[in-house]
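Listed below are the residues making up each chain.
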Amino acid sequence: MADIQMPTFTPEVFFTEDTVLFAEQPAATHGVSGEAGDPLPVHAYSDNVLTALLLCFFIFAVIAFSSAREFLMRQAKNFFYPQHEGTTEFAETAGEVRFQVFLMLLTSLLIALMFYFYTLQVFGNTFVLDSQYLLIAVFLAVVMGYFLLRSILYIVVNNVFFDSKKNKQWMKAFLFIVTVEGALFFPAVLLYGYLELSVENVVIYVAIVLIFVKLLTIYKCYIIFFRRNVVSLQIILYFCALELIPLLVLIGTLGITASSLKINF
């Protein structure tokens, strides 16, 4: 007991020669690595509110899809097969209109959640807001404003250059495109939030979805408005003014909002 072998890296202290001295050795620590004060990473699977919100929206969407299956099939058929002159159009019921509004709200929420996850990855999770749910609400308000702005622009521009029948056809197609966009964005939110898919892969997936949705949009614009017009430059101007510019404004607004709310040390 009197012979204690001290490690060479142990500093000399006053009680080094004492027979009851037991040199303390450093022990490995367990937990999240990082400097003191670093915020813990935020995941959707560890947030009960986000999980419950996504689960509720998924259940409501399944119920809505099952009850409006015929309406969606009719919308898809009318989307890819243009109607001829004199064809009878079916008017939407109040339930179908509410269903489309719900899907637009769901699409807005999914876009807000995706940008929220992207913000946490790029900017961190230290913001001036007291709660992360307020940040999601801010992003949701920006995205809803984006869809509202697009709808107003379409109504104003189309009423100037086209008749009311074509305008009704386009608004139906616009709501269907938003529905498709929301359905395609839902897997991205689940894969990133619960399976920890890399943000680079999510960005690539979102870019592919946006390109596909814009191709559907320009196809429907051509079928409804410009099929009998020999001037192809008009559809390019129409598409850039009412599709690309609002999308760039949305991305810039979300980026500026996140940067403004970020706490810079």
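**Student:** Explain the packing of helix 1 (residues 48–67) against helix 5 (residues 164–195) here, please?
**Tutor:** It is at 13 Å that the axes of helix 1 and helix 5 come closest, and there the two elements cross at 145°. Two packed elements cross with a definite hand, and for helix 1 against helix 5 that hand is left-handed. Between helix 1 and helix 5, the residues in contact are L50, T51, L54, F58 and F65 and T179, F186, V189 and Y194, respectively. Across the contact of helix 1 with helix 5, the residue classes break down as 7 nonpolar, 2 polar and no charged.

**Student:** Can you help me understand the packing of helix 6 (residues 199–226) against helix 7 (residues 233–261) in this one?
**Tutor:** How two helices pack is summed up by the angle between their axes together with the distance between the axes. At a closest axis distance of 11 Å, the pairing of helix 6 and helix 7 adopts a crossing angle of 140°. Comparing their axes, helix 7 and helix 6 come out oblique. Viewed along their axes, helix 6 and helix 7 form a crossing whose handedness is right-handed. Between helix 6, through K214, T217, I218, C221, Y222, F225 and F226, and helix 7, the contact on the second element is made entirely by Q234, I235, Y238, F239, E243 and L247. A per-class count over the contact of helix 6 with helix 7 returns 9 nonpolar, 2 polar and 2 charged.

**Student:** I'm lost on the nonpolar core in this one. Help?
**Tutor:** Across soluble globular proteins, nonpolar side chains have a tendency to be buried as a group. Core analysis: the largest hydrophobic core is formed by 65 residues, its most contacted members being L113, Y116, F139, F147, W170 and Y238. Per element, the largest residue contribution to this core is 15 residues, and it comes from helix 3 (residues 94–122).

**Student:** Got a minute to help me understand the confidence of the model for the chain in this structure?
**Tutor:** Caution applies to low-pLDDT parts of the model: their predicted coordinates are not meant to be read in detail. Per-residue confidence for the chain gives a mean pLDDT of 76, with 74% of residues at or over 70. Within the chain, helix 1 has the poorest average pLDDT of any element, 76, and helix 4 (residues 132–161) the best, 89. Below a pLDDT of 50 lies the segment residues 28–41, which in the model reaches 4 contacts outside its immediate sequence neighbourhood of four places, other chains included.

**Student:** I would appreciate a short explanation of the environment of M144 in the present structure.
**Tutor:** Residue placement: M144 occurs in helix 4. With 40 residues separating them along the chain, M144 and M104 place their C-alpha atoms 8.6 Å apart. Setting aside residues no more than four positions away along its own chain, M144 makes contact with L105 and S108.

**Student:** Could you clarify how one ought to interpret the pattern of salt bridges in this entry?
**Tutor:** It is possible for side chains bearing opposite charge to pair when their charged atoms get close. A full pass over the atoms with the stated rule returns 2 salt bridges. One salt bridge connects E243 with R150, and the closest N-O pair in it is separated by 2.7 Å. Linking E243 in helix 7 with R150 in helix 4, this pair joins segments that are 93 residues apart in sequence. Judged by relative accessible area, R150 falls into the buried class, the value being 3%. Of the charged contacts, one joins E243 and K214 as a salt bridge, the two residues approaching to 2.6 Å between their closest N and O atoms. One end of the pair, E243, is in helix 7; the other, K214, is in helix 6, and 29 residues separate them in sequence. E243 sits in the buried class, given a relative accessible area of 1%. One network of salt bridges, in which partners are shared, links R150, K214 and E243.

Rules used throughout
- As a convention, each chain's residues are numbered from 1 in the sequence order in which they are written.
- Two thresholds apply to this predicted model, a pLDDT of at least 70 for residue-level local features and 80 or more for giving and counting side-chain atom pairs, whereas whole-chain, interface and lining totals are computed over all residues.
- Hydrogens and waters are ignored; side-chain quantities use all the structure's heavy atoms.
- Axis lines are fitted to C-alpha atoms, over the contacting stretch for helices. Their N-to-C directions set the angle, which ranges from 0 to 180 degrees.
- Comment: elements are numbered from the N terminus, with helices defined as DSSP H or I runs of at least four residues and strands as E runs of at least two.
- Take the far helix as your reference; a near helix turned counterclockwise from it by less than a right angle gives a left-handed crossing, and one turned clockwise gives a right-handed crossing.
- Residue contacts are counted whenever heavy atoms from the two residues lie within 4.5 Å of one another.
- Here the term charged refers only to Asp, Glu, Lys and Arg, the term nonpolar to Ala, Val, Leu, Ile, Met, Phe, Trp, Tyr, Cys and Pro, and the term polar to all other amino acids, Gly among them.
- Oblique is the label for any angle not covered by the other classes, which are roughly parallel (under 35 degrees), roughly antiparallel (over 145) and roughly perpendicular (65 to 115).
- In plain words, nonpolar cores are sets of buried Ala, Val, Leu, Ile, Met, Phe, Trp, Tyr and Cys residues tied together by side-chain atoms within 4.5 Å.
- Exposed residues in this analysis have more than 50% of their type's maximum accessible area, buried residues have under 20%, and partly exposed residues fall in between, with area computed by a 1.4 Å probe over protein chains only.
- Per residue, pLDDT measures the predictor's confidence, with a range of 0 to 100.
- The salt bridge criterion pairs a side-chain nitrogen of Lys or Arg with a carboxyl oxygen of Asp or Glu, the two atoms within 4 Å.

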